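# Commentary on secondary and tertiary structure
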Amino acid sequence: AQRVTQPEKLLSVFKGAPVELKCNYSYSGSPELFWYVQYSRQRLQLLLRHISRESIKGFTADLNKGETSFHLKKPFAQEEDSAMYYCALANNAGNMLTFGGGTRLMVKP
Amino acid sequence: DTAVSQTPKYLVTQMGNDKSIKCEQNLGHDTMYWYKQDSKKFLKIMFSYNNKELIINETVPNRFSPKSPDKAHLNLHINSLELGDSAVYFCASRLAGAPPYNEQFFGPGTRLTVL
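Residues numbered from 1 in each chain as written. Chains lettered and ligands numbered in written order. Predicted model: local features only at pLDDT ≥ 70, side-chain atom pairs only at ≥ 80, totals over all residues. Heavy atoms only, no water.

Attention now moves to the sheet that holds strand β3 (residues 19–25) of chain B. Residues and elements named next belong to chain B. Read from one edge to the other, the open sheet built from four strands follows the order β1-β3-β8-β7, with strand pairing classed as antiparallel. Because the sheet does not close on itself, it has two edges, and the strands there are β1 (4–7) and β7 (64–70). Adjacent strand axes in the sheet meet at a mean angle of 20° when their direction is disregarded. Inspection of the sheet shows β3 paired to strand β8 (residues 73–78) by four bridges, in the antiparallel sense. Considered in β8, the bridge of I21 is made with L76. (Pairing = 2+ DSSP bridges. Helix = DSSP H or I, 4+ residues; strand = E, 2+ residues; numbered from the N terminus. Axes fitted to C-alpha atoms, helices over the stretch in contact; angles between N-to-C directions.)

Across all of its chains, the model carries eleven aromatic pairs over all chains by this definition. For the pair A:Y36 and B:F106, a centre-to-centre distance of 5.5 Å together with 75° between the ring planes defines the contact as edge-to-face. Taken together, the residues A:Y36 in strand β5 (residues 32–38) and B:F106 in strand β10 (residues 105–106) connect one chain to another. With relative accessibility at 0%, the residue A:Y36 sits in the buried group. (Phe/Tyr/Trp six-rings, centres within 6.5 Å; stacked < 30°, edge-to-face > 60°. Buried < 20%, exposed > 50% of the residue type's maximum accessible area, 1.4 Å probe, protein only.)

Let us now look at the pattern of salt bridges. This model, assessed by the stated rule, comprises six salt bridges over all chains. Here A:K22 ties to A:E20 by a salt bridge, and the two come within 3.2 Å at their closest N and O atoms. By relative accessible area, which is 29% here, A:E20 ends up partly exposed. Residues B:E82 and B:R63 are paired through a salt bridge, measuring 3.4 Å at the closest nitrogen-oxygen approach. One end of the pair, B:E82, is in the loop between β8 and β9 (87–94); the other, B:R63, is in the loop between β6 (53–57) and β7, with 19 residues separating them in the sequence. Salt bridges sharing partners connect three or more residues here, namely A:E20, A:K22 and A:K73. (Salt bridge = Lys/Arg side-chain N within 4 Å of Asp/Glu carboxyl O.)

Right, let's talk about unusual backbone geometry for a bit. Here the bond from B:T7 into B:P8 is cis, since omega is -5°, no more than 30 degrees from zero. Tracing the sequence through the fold places B:P8 in the loop between β1 and β2 (10–13). Residue A:R41 is not a glycine yet carries a positive backbone phi of 55°. When you line up the elements, A:R41 lands in the loop between β5 and β6 (45–49). Owing to a relative accessible area of 60%, A:R41 belongs among the exposed residues under this scheme. Of note in this structure, B:K41 is not a glycine but carries a positive phi near 70°.

What follows is the structure, given as structure tokens:
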């Protein structure tokens, strides 16, 4: 069975501070991981995926297979980063995403 | 606009009623999903259809019945609504067989309130 854990329900930081949203996964196959973001009362949208090794809006995430983690990081948080962030794991068939419980990021001025 | 759309955006109804939520995507995708986001923002898959065939059904009560008339549409019908059905329901779609990217595209959500 696949499982995604986001241990923090809420993360509150000041503008300009570094941010790390934690994500741990459990999966017997080869993991494919994503971060989705949901701004207030909006749809979920893909932020980034591990396979692309990209940086979007200053966010990066590195897959650490040893620690089974895919933490999301940003060196300097902005107020517009305030949102719900979901870590998600795709199964091998790619037809199912399992989401973590989500972390609400609040960036204070 | 190429996107996943849902109607209605808001739905307020009484317990015991039957209601439907519609979803359409014009992205040319062949796989569609329904997710439920509860009051604690926990997001859980309910159903998935590929080419109009049900491929995932995650222990959802029989009162929920998805219907896919074609690849571009996946509707959700809910019978005998209960208070616990109050949630935001998201539709999503994906193009199967397009690894390594298995990105799902989400609709704007339907906020269902059962009184």
